[in-house]
Amino acid sequence: MKKKGRFITLEGIEGAGKTTQLAVVRHYLEQQGINVLTTREPGGSPIGERIRALLLDPTGQGMAATTEMLLLFAARAEHLLHKIRPALEQGTWVLCDRFTDATYAYQGGGRGVDLEQIAMLEDYVQGPLRPDLTLLLDLPVASGLTRAGERSAPDRFESEAERFFEGVRARYLALAELYPQRVRLIDAGVSVEQVSLQVREQIAAFLAGGGR
Ligand code: Z5A
């Protein structure tokens, strides 16, 4: 694949503000004259969205961690084929709400799946494709769950215990340490405006650093 666009992902625990900040990133890039496609995982393609419904269905408790991980990568394969790769090849920038870092965090950190198995599937499904930039919105688990809980009935993931999300957050923070160039840490425990400011600073630095 000849990749011309850039691939930016937003990550974080529930209620971190990814959806809110995705709009900020999009607006900022469009102001710079960049074509942007926003999408999300799991989902982003017709079959991917059907897999998403299966994954989030609260009646699906007891799904094996392996099944969950394979469904996520199946949805990702569809997403890459039908949406992400075609956009990048055309020079469109792709902004994605969660990607494979979420698998390391939720399935690895949350469910205890072997990280090497995740890495194997990552290589198999994505080849060498990795995000160019990841904004990790970090905040204490209790704050994120309070924000998310004020919105709607919990889905299958949101029904997990706080300990699960502590594992998710810890793995996200480990990824930020492992890939400091790509994964930029944002303090998401402050007001929307203050988070947006940090997000815009990171995007400006990325563009200035040759990201474009
Ligand atoms: N999952 C997985 O396990 N493995 C994988 O590989 C992938 C995903 C890709 C997808 O859910 C689920 O799939 C997810 C992980 C799993 N687990 N769950 N649940 P989703 O994408 O539908 O849900 P989410 O990712 O958790 O998004 P969210 O709960 O909608 O959170 P958010 O997008 O980060 O936050 P938000 O919608 O922008 O904001 C949440 C609320 O907080 C909202 O009312 C805002 O107005 C408010 N908010 C936002 N920012 C602030 C600030 N700064 N202060 C105060 N209030 C704020």
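Given the structure is predicted, the values throughout are model-derived calculations rather than measurements.

Enquirer: What's the story with the side chain of Lys 18 in this structure? I'm lost.
Expert: On the secondary structure map, Lys 18 appears in helix α1 (residues 18-31). Buried charge without a partner: Lys 18 forms no salt bridge, and the closest opposite charge is Asp 97, 4.3 Å away. When residues no more than four places from it in sequence are discounted, the contact partners of Lys 18 are Leu 10, Glu 11, Gly 12, Ile 13, Asp 97, Arg 98 and Leu 137.

Enquirer: I keep staring at unusual backbone geometry and nothing clicks. Help me out?
Expert: Trans peptide bonds make up the majority, and among non-glycine residues the majority have a negative phi. Residue Glu 41 is joined to Pro 42 through a cis peptide bond whose omega torsion reads -10 degrees. Looking at where Pro 42 falls in the secondary structure, it is placed in the loop between β2 (36-40) and α2 (46-56). Non-glycine residue Arg 98 carries a positive phi angle of around 80 degrees. Within the element layout of this structure, Arg 98 appears in the loop between β3 (93-97) and α4 (100-110). Taking the relative accessible area as the measure of exposure, Arg 98 reaches 13% and is therefore buried.

The rules behind the values
Residues numbered from 1 in each chain as written. Predicted model: local features only at pLDDT ≥ 70, side-chain atom pairs only at ≥ 80, totals over all residues. Heavy atoms only, no water. Helix = DSSP H or I, 4+ residues; strand = E, 2+ residues; numbered from the N terminus. Buried < 20%, exposed > 50% of the residue type's maximum accessible area, 1.4 Å probe, protein only. Lys, Arg positive; Asp, Glu negative; His and termini not counted. Salt bridge = Lys/Arg side-chain N within 4 Å of Asp/Glu carboxyl O. Contact = heavy atoms within 4.5 Å.

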